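Working through the structure, step by step
Below, each chain spelled out in residue letters.
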Amino acid sequence: MKRFPFFRADFTASLVVFLVAVPLCVGVAVASGVPAELGLVTGVVGGLLTGLLPGSSLQVSGPAAGLTVLVFEAVKEYGLGTLGALVLAAGVLQLAMGALKLGRWFRAISVAVVQGMLAGIGLVLIAGQLYALTDAKAPGSGLANIGGLPDLVTSTVRSGSALAALAVGAGTIAVLVLWPRWRRAARVLPAPLAAVALATTAVWALDMPVARVEVSGLLDAIQPPGLDDLGRLGSIGVIGTVLAFALIASAESLFSAAAVDRLHDGPRTDYDKELMAQGAGNAVCGVLGALPMTAVIVRSAANVQAGAKTKASRVLHGFWLLVFAAAFPAALGVVPVAALAGVLVHAGCKLIPLRDLRPLWREHRGEAVVLLVTAIAIVTVSMFEGVLIGLLMAVAKTAWETSHIHLDIQIPEDTAEPVQVRAIGNATFLRLPKLLDQLETLPADRDVELDLSGLRHLDHACGAALTNWAEQHRRSTREVELVS
């Protein structure tokens with residue numbers, strides 16, 4: 001053991017992460033509209049391949065709730081066979097971004113956009129999984145799911161089997177909330193596994209009429225993309241989906257890495273290498289026709305808290321997932337769908353930063369607006385467009401906040417002396433109306449000396465507007481001297 005001084009700690013941590021990962025891998029797959037086994041395949045690749053590669057030493061990769069909505073829409077639009085091609089292309093794009101040293105640039109993405117993205121995903125995920133809580137089929141899009149909730153309530157009240165499924169799902173959520181408070185038990189058994197195990201046992205003991213996970217077998221579930229599926233990558237819609245997969249998975253993984261780095265004292269993450277590791281994992285997942293992967297903060301935090309010291313823990317967790325998927329696939333067939341829906345509803349609630357929103361609104365109202373707009377856009381439009389809208393909002397907010405300009409106006413008592421006006425700050429088109437309004441208040445019968453040397457930036461629009469104002473002022477028989 002001298003050669004592997006941390007083996008015992010990593011071995012124990014790997015078992016904890018494995019127990020956390022099983023219900024999440026299966027739940028994300030079911031919510032994404034793909035066979036449950038494909039979630040385990042992504043977890044295995046995230047452990048055995050991505051876990052071995054350099055980048056971050058302790059964060060754990062696998063299927064994530066954050067991509068559930070996007071995957072569901074992609075499968076619905078293009079079919080399960082094309083999913084592998086989409087994930088493969090996204091993985092290759094991540095590899096290219098990592099090779100071009102773009103990983104560190106993801107740290108420049110506004111935190112408000114990322115929080116808004118996660119909040120929007122959480123809302124859409126919750127709205128969709130509320131149907132699964134009652135063994136009902138969701139209408140489809142985020143708005144349709146939200147609009148159909150009144151009808152869902154009515155149909156659930158009238159159905160005994162729907163009420164039974166709701167009881168299972170609600171009980172699962174209750175266990176997820178209360179289990180961590182029982183610290184001794186939580187150290188032995190993670191809350192997601194405890195909740196699903198208790199729900200499964202209750203359904204079996206009471207013989208409840210609820211839907212179970214459909215099992216097709218590991219090898220049957222794996223469907224590598226064909227030539228026709230790869231040929232679809234040239235269409236505009238598919239390219240947009242690939243970009244969404246790559247950008248959202250990369251952002252979530254690298255933000256997770258930053259969070260995990262704050263939890264331990266070990267080596268820091270190399271963002272470019274981590275981006276390439278995620279790309280390699282997604283490329284292999286694509287070849288296998290599995291779900292896309294990201295680094296997952298829930299599993300990563302569990303790994304650190306369980307005492308992991310090296311990447312061996314996450315590699316071993318992938319091995320345990322492989323053994324489980326190969327040796328005990330039938331065990332998935334007894335798990336009630338409503339229990340997994342409860343796990344994902346709980347996960348979706350944790351994606352919504354309710355605690356951070358109020359202080360953010362008080363201290364940085366612009367950031368709070370970006371967060372809310374991003375979340376609402378994702379719910380009402382789509383994932384990709386919502387993130388783009390959020391990024392544009394963040395850029396516009398930053399441009400507005402940095403384009404401050406102040407006019408220092410000195411009007412001498414001697415009317416023969418010119419009015420002294422000194423511009424200080426950044427003169428951009430965003431502040432042009434205010435700038436011109438201030439200049440229009442100057443005495444029309446006095447010469448003006450406009451000093452622009454205090455400007456750090458003067459864009460073309462402002463430069464042209466100031467020149468036009470000077471010409472108009474000269475036409476009123478007064479002189480304007482521009483000093484730059």
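It should be noted that the structure appears before, not after, this text.
Report follows, based on the coordinates. Model, not experiment: these values are computed from the prediction. (Residues numbered from 1 in each chain as written. Predicted model: local features only at pLDDT ≥ 70, side-chain atom pairs only at ≥ 80, totals over all residues. Heavy atoms only, no water.)

**Here we look at the packing of aromatic side chains**
Under the definition given, this model contains four aromatic pairs. An angle of 90° between the planes, with centres 5.8 Å apart, marks the rings of Phe 11 and Trp 320 as edge-to-face. Of this pair, Phe 11 sits in helix α1 (residues 7–31) while Trp 320 sits in helix α16 (residues 312–327), and the two are 309 residues apart along the sequence. Residue classification places Phe 11 among the partly exposed residues on the basis of a relative accessible area of 31%. (Phe/Tyr/Trp six-rings, centres within 6.5 Å; stacked < 30°, edge-to-face > 60°. Helix = DSSP H or I, 4+ residues; strand = E, 2+ residues; numbered from the N terminus. Buried < 20%, exposed > 50% of the residue type's maximum accessible area, 1.4 Å probe, protein only.)

**Quick look at a nonpolar patch on the surface**
Residues Ile 236, Ile 239, Leu 243 and Leu 247 make up a contiguous nonpolar surface patch of about 350 Å² in total accessible area. Turning to its location among the elements, Leu 243 is positioned in helix α13 (residues 236–261). (Patch = residues over 30% accessible without salt bridge, like charges linked within 9 Å, V, L, I, M, F, W, Y side chains within 5 Å. Areas by Shrake-Rupley, 256 points an atom, 1.4 Å probe, with all protein chains shown as cover. Salt bridge = Lys/Arg side-chain N within 4 Å of Asp/Glu carboxyl O.)

**Observations concerning the packing of α1 against helix α2 (residues 36–50)**
Relative orientation of the contacting elements α1 and α2 amounts to 130°, with a least axis distance of 7 Å. The angle between α1 and α2 places the two elements in the oblique class. In this structure, α1 crosses over α2, and the sense of that crossing is right-handed. Counted together, Cys 25, Val 26, Ala 29 and Val 30 of α1 and Ala 36, Gly 39, Leu 40 and Gly 43 of α2 form the full contact between these two elements. (Axes fitted to C-alpha atoms, helices over the stretch in contact; angles between N-to-C directions. Parallel < 35°, antiparallel > 145°, perpendicular 65-115°, else oblique. Left-handed = near helix turned anticlockwise from the far one by under 90°. Contact = heavy atoms within 4.5 Å.)

**Remarks on α13**
Under the 1.5 Å per step criterion, the end-to-end length of α13 is 37 Å for 26 residues, consistent within 8% with the ideal 38 Å. Taking burial as the measure, the 26 residues of α13 include 19 buried ones, the bulk of the element. (Expected span 1.5 Å × (residues − 1).)

**Notes on the environment of Met 97**
With respect to the secondary-structure elements, Met 97 resides in helix α4 (residues 80–99). For Met 97, a relative accessible area of 9% translates into the label buried. Sequence-wise, Met 97 and Leu 275 are 178 residues apart; in three dimensions their C-alpha atoms are separated by 7.5 Å.

**A look at the packing of α2 against helix α14 (residues 271–287)**
Packing of α2 against α14 brings their axes to within 9 Å, and their N-to-C directions diverge by 135°. Taken together, α2 and α14 sit at an angle that is classed as oblique. Read as a crossing pair, α2 and α14 show a hand that is right-handed. Within the contact between the two elements, α2 uses Thr 42, Val 45, Leu 49 and Thr 50 and α14 uses Ala 277, Gln 278, Ala 280, Gly 281, Val 284 and Cys 285. Tallied by class, residues from the contact of α2 with α14 come to six nonpolar, four polar and no charged. (Nonpolar A, V, L, I, M, F, W, Y, C, P; charged D, E, K, R; others polar.)

**Focus on the pairing of strand β4 (residues 419–427)**
Sheet analysis places strand β3 (residues 405–410) next to β4, joined by six bridges and oriented antiparallel. Looking at the pairing, His 406 lines up with Ile 424 of β4. Inspection of the sheet shows β4 paired to strand β5 (residues 448–451) by four bridges, in the parallel sense. Looking at the pairing, Arg 422 lines up with Asp 451 of β5. (Pairing = 2+ DSSP bridges.)

**Quick notes on unusual backbone geometry**
Phi at Asp 135 takes a positive value of approximately 60°, unusual for a residue other than glycine. Tracing the backbone shows Asp 135 in the loop between α5 (111–132) and α6 (142–147). Look at Asp 135 and you get partly exposed, because its relative accessible area is 30%. A positive phi angle is found at Asp 207, which is not glycine, with a value near 50°. Relative to the assigned elements, Asp 207 resides in the loop between α10 (191–206) and α11 (218–221).

**A word on empty space enclosed by the protein**
In the structure shown here, the tally under the stated rule is one cavity of 30 Å³ or more. Quantified by volume, the largest cavity comes out at close to 30 Å³. Residue composition of the lining of the largest cavity, grouped by class: seven nonpolar, one polar and no charged. (1 Å grid on protein atoms, 1.4 Å probe; cavity = no way out; pocket = protein on both sides within 12 Å on 5 of 7 lines; lining within 4 Å. Points joined across faces, edges and corners; volume = space filled by probe spheres on them.)

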